[in-house]
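Spelled out, the chains give:
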Amino acid sequence: SSSSSSSSRFEALVREHRNAFTSTSMFRSMCAKAFAMVDVDGDGVIEVKEAYIAVLLFYSKLSMFVKGLIPPTIDDVRFLVTKVARAEGKDSAVVDAEGFVVLLTMLLEHLIFRVLLQVVVAFLVVPPVAAALWDGYALVYATIVPRAIGVNLVVTALLSTVVPFVLKTYERTTDSRLTTTSPPSTSSKKRQ
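Just so it is clear, the structure is predicted and the values come from calculations on it, not from any experiment.

**Notes on the packing of aromatic side chains**
Link 1 in the chain: Tallying each qualifying case throughout the model produces 3 aromatic pairs.
Link 2 in the chain: Taking the centre distance of 5.7 Å and the plane angle of 80 degrees together, the rings of Phe27 and Phe58 count as edge-to-face. Here Phe27, found in helix H2 (residues 25–38), pairs with Phe58, found in helix H3 (residues 48–62); they are 31 residues apart in sequence, far enough to count as distant. As far as burial versus exposure is concerned, Phe27 and Phe58 are alike and both buried.
Link 3 in the chain: With centroids separated by 6.1 Å and ring planes inclined at 50 degrees, the aromatic side chains of Phe35 and Phe100 adopt a geometry described as tilted. One end of the pair, Phe35, is in helix H2; the other, Phe100, is in helix H5 (residues 97–107), and 65 residues separate them in sequence. Phe100 matches Phe35 in its accessibility class, with the two residues each being buried.

**Description of the confidence of the model for the chain**
Link 1 in the chain: Confidence in the prediction for the chain averages 77 pLDDT; 77% of positions are at 70 or higher.
Link 2 in the chain: Counting contacts from residues 1–7, a segment whose pLDDT is below 50, to residues more than four positions away or on other chains yields 5 contacts.

**Observations concerning the environment of Asp76**
Link 1 in the chain: Structurally, the position occupied by Asp76 is in helix H4 (residues 74–87).
Link 2 in the chain: In this structure Asp76 comes out as buried when scored by relative accessible area, which is 5%.
Link 3 in the chain: With 31 residues separating them in the primary sequence, Asp76 and Leu107 have C-alpha atoms 8.9 Å apart.

**Overview of the pattern of salt bridges**
Link 1 in the chain: Per the stated rule, a full pass over the model turns up 2 salt bridges.
Link 2 in the chain: When the shortest N-O distance is used, the salt bridge between Arg28 and Glu98 registers 2.8 Å. With Arg28 in helix H2 and Glu98 in helix H5, this pair connects stretches of sequence that are 70 residues apart.
Link 3 in the chain: Here Asp75 makes a salt bridge to Arg78, at a shortest N to O gap of 2.7 Å. Of this pair, Asp75 and Arg78 both sit in helix H4, 3 residues apart, which is roughly one turn of that helix.

**Some words on H5**
Link 1 in the chain: With respect to burial, H5 is a largely interior element, 10 of its 11 residues being buried.
Link 2 in the chain: Of the positions making up H5, those classed as buried are Glu98, Gly99, Phe100, Val101, Val102, Leu103, Leu104, Thr105, Met106 and Leu107.
Link 3 in the chain: The N-capping residue of H5, defined by a side-chain oxygen 3.3 Å from the backbone nitrogen of Glu98, is Asp96.

**Points about the packing of H3 against H5**
Link 1 in the chain: Remark: H3 packs on H5, axes separated minimally by 11 Å, with the N-to-C direction vectors making an angle of 55 degrees. Between H3 and H5, the interaxial angle falls into the category oblique. Classified by chirality, the crossing of H5 by H3 is right-handed. Between H3 and H5, the residues in contact are Ala51, Ala54, Val55, Phe58 and Tyr59 and Phe100, Leu103, Leu104 and Leu107, respectively.
Link 2 in the chain: Its residues placed into classes, the contact of H3 with H5 shows 9 nonpolar, no polar and no charged.

**Comments concerning the nonpolar core**
Link 1 in the chain: Phe58, Leu62, Phe100, Leu103 and Leu104 are the most contacted members of the largest nonpolar core, which totals 32 residues.
Link 2 in the chain: Mapped by element, the contributors of at least two residues to this core are H2, H3, H4 and H5.
Link 3 in the chain: Those residues in contact with Leu62 that sit more than four places away from it in its chain are Phe21, Met30, Leu69, Leu108 and Leu111.
Link 4 in the chain: Leu117, Val155, Leu158 and Tyr170 belong to the second-largest nonpolar core, a separate cluster that totals 13 residues.

Definitions and cut-offs
Residues numbered from 1 in each chain as written. Predicted model: local features only at pLDDT ≥ 70, side-chain atom pairs only at ≥ 80, totals over all residues. Heavy atoms only, no water. Phe/Tyr/Trp six-rings, centres within 6.5 Å; stacked < 30°, edge-to-face > 60°. Helix = DSSP H or I, 4+ residues; strand = E, 2+ residues; numbered from the N terminus. Buried < 20%, exposed > 50% of the residue type's maximum accessible area, 1.4 Å probe, protein only. pLDDT = per-residue confidence, 0-100. Contact = heavy atoms within 4.5 Å. Salt bridge = Lys/Arg side-chain N within 4 Å of Asp/Glu carboxyl O. Polar contact = N/O pair within 3.5 Å; in protein donor to acceptor, adjacent residues only side chain to side chain. Axes fitted to C-alpha atoms, helices over the stretch in contact; angles between N-to-C directions. Parallel < 35°, antiparallel > 145°, perpendicular 65-115°, else oblique. Left-handed = near helix turned anticlockwise from the far one by under 90°. Nonpolar A, V, L, I, M, F, W, Y, C, P; charged D, E, K, R; others polar. Core = buried A, V, L, I, M, F, W, Y, C linked by side-chain atoms within 4.5 Å.

Structural data, given as structure tokens:
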């Protein structure tokens, strides 16, 4: 019953930030596991530092599927813990399991677009560019390397440079949603 009342208090926050992934049972299960790992005293709430550790645990699991995922700073997590706690009517900066789900929902609101961007760049943009670069190289320099191997080499080089650049640029633009409404992050230089 308290879970349903808690859910209704968070409904506006969740509706604003939800996406296809954060609406799944897998997402809720991952949140519950990360929360349980850091709630060592079993009181059902976690403070900012514990929430940050739980977020890092969650991101480490998620990064197996979404390469180059940049975790938030502790300042970002502190801001969101405070926002969620206030939405729940708490004065202290703590969140329960449901609040933690809301916190991660807000952090991951752009995840689906980011994954789509990664797929488009990796599979639709890079291969034709790589083929054109290899063909141009082969015209200028005589080579005995077959075209398929040469194109694959160029694809690998582009994927290791272009895709991370595009994703980091995207991360910076979506991170502005936190920094425009929260105090400046003191650890933003560490992420660059």
